[in-house]
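Listed below, chain by chain, are the residues.
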Amino acid sequence: MPKGFAEEEKKVITEKLMKECKSSWQKYGYKKTSIDTLCNDVGISKGSFYNFFDSKEALFYQVIKDTQKQLYESVEERISQNQSKYGIAEALKEIYLEYSKSSFMYDTKNPDFLSFFHKLSEQQRQELNDNSYISTKYMLHKPFLSLKIDEDLAISLLMAMLSSISQKDNMLCDATKVFEFMIDHLINDIFD
């Protein structure tokens, strides 16, 4: 436990740091998010920061892992409410909306993201990559679903549709409508 902080204080400060980090990452990117500013916004000293996280990268890594976890839990909840291919379609739309709010979830080829990613250990990088693939595969293996196409093709199609978010600023109409159209029209070709 960090020196000088009660257990409840530690939890509150950790949550605040993560919330501020996510917000700053969304607005300014990894490089322009400073520990000094985050600490100032949360009301702790920079020295105290290192009682909560070993490094800036450790904080960012925890933020992306928690964002993934919350997204997957939300997706599972959505699917449990509508156990059909249409529930899967709604869950995918929810994923797209979260991605559109958090560019660090999809813009993984961006130099700013890569500067963060390359500072992680090989194990951490692999875990982030695997989480997305494993979660997609898990979503496809629901007892109420039956694929019409090869599993690898289904995963690739879903990934391709989600990757369309990287072109959202270049689209002639609302990118969310484009994604929803693709999902609504392909869901019947992917699942029985």
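Scroll up to find the structure this text is about.
All values derive from a computational prediction rather than experimental measurement.

Undergrad: Before we move on, can you summarise the overall build of the chain with the specific residues and values?
TA: Within the chain, the secondary structure is distributed over nine helices and zero strands. Overall, the chain is about 60 × 35 × 30 Å in size when its C-alpha atoms are taken along their principal axes. Within the chain, buried positions represent 42% of all 192 residues. For the chain, restricting intrachain contacts to residue pairs at least 6 apart in sequence, the fraction spanning at least 24 positions comes to 67%. Of the roughly 10,900 Å² that the chain leaves accessible, carbon and sulfur atoms contribute 50%. Where the 25 positive side-chain charges of the chain centre and where its 30 negative ones centre are 4 Å apart.

Undergrad: Residues and numbers for the packing of helix H1 (residues 7-28) against helix H4 (residues 56-81), please.
TA: Orientation of H1 relative to H4, taken along the N-to-C sense of each, is 85 degrees, at an axis distance of 10 Å. The orientation of H1 with respect to H4, classified from their angle, is roughly perpendicular. Mapping the contact onto sequence places Leu-17, Met-18, Cys-21, Lys-22 and Trp-25 in H1 and Leu-59, Phe-60, Gln-62, Val-63, Ile-64, Asp-66 and Thr-67 in H4. Across the contact of H1 with H4, the residue classes break down as eight nonpolar, two polar and two charged.

Undergrad: Lay out the side chain of Lys-93 with the relevant residues and their values.
TA: Tracing the sequence through the fold places Lys-93 in helix H5 (residues 85-101). In this structure Lys-93 comes out as buried when scored by relative accessible area, which is 11%. Sequence-distant contacts of Lys-93, that is, excluding residues within four places in its chain, are made with Phe-179, Glu-180, Ile-183 and Asp-184.

Undergrad: I'd like a rundown of the pattern of salt bridges, residues and numbers included.
TA: For the coordinates displayed, the defined rule picks out twelve salt bridges. Ionic pairing is found between Asp-36 and Lys-46, a salt bridge with its closest N-O pair at 3.6 Å. Of this pair, Asp-36 sits in helix H2 (residues 35-42) while Lys-46 sits in helix H3 (residues 46-52), and the two are ten residues apart along the sequence. Residue Asp-36 is classed as partly exposed on the basis of its relative accessible area of 45%. Owing to a relative accessible area of 40%, Lys-46 belongs among the partly exposed residues under this scheme. Among the ionic pairs, Arg-125 bridges to Glu-122, the shortest N-O distance being 2.7 Å. In this pair, Arg-125 and Glu-122 are both assigned in helix H7 (residues 122-140), three residues apart and thus about one turn of the helix distant. One network of salt bridges, with partners in common, ties together Arg-78, Glu-90, Lys-93, Glu-94 and Asp-184.

Undergrad: Residues and numbers for the packing of aromatic side chains, please.
TA: Counted according to the given criterion, the structure contains eleven aromatic pairs. Note on Phe-49 and Tyr-50: the rings are 5.0 Å apart at their centroids and 90 degrees apart in plane angle, and the pair reads as edge-to-face. Between the aromatic rings of Phe-60 and Phe-116, the centroid separation amounts to 6.0 Å while the plane-to-plane angle is 45 degrees, which identifies the pairing as tilted. Of this pair, Phe-60 sits in helix H4 while Phe-116 sits in helix H6 (residues 111-117); the two residues are 56 residues apart in sequence, bridging distant segments of the chain. Judged by its relative accessible area of 0%, Phe-60 falls in the buried class. A connected cluster of aromatic rings, assembled from ring pairs, spans Trp-25, Tyr-30, Phe-60, Phe-113, Phe-116 and Phe-117. Positioned above the aromatic ring of Tyr-30, the side-chain terminus of Lys-56 is 4.4 Å from the ring centre.

Conventions adopted
Residues numbered from 1 in each chain as written. Predicted model: local features only at pLDDT ≥ 70, side-chain atom pairs only at ≥ 80, totals over all residues. Heavy atoms only, no water. Helix = DSSP H or I, 4+ residues; strand = E, 2+ residues; numbered from the N terminus. Buried < 20%, exposed > 50% of the residue type's maximum accessible area, 1.4 Å probe, protein only. Contact = heavy atoms within 4.5 Å. Areas by Shrake-Rupley, 256 points an atom, 1.4 Å probe, with all protein chains shown as cover. Lys, Arg positive; Asp, Glu negative; His and termini not counted. Charge placed at Lys NZ, Arg CZ, Asp CG, Glu CD. Axes fitted to C-alpha atoms, helices over the stretch in contact; angles between N-to-C directions. Parallel < 35°, antiparallel > 145°, perpendicular 65-115°, else oblique. Nonpolar A, V, L, I, M, F, W, Y, C, P; charged D, E, K, R; others polar. Salt bridge = Lys/Arg side-chain N within 4 Å of Asp/Glu carboxyl O. Phe/Tyr/Trp six-rings, centres within 6.5 Å; stacked < 30°, edge-to-face > 60°. Lys NZ or Arg CZ within 6 Å of the ring centre and 35° of its normal.

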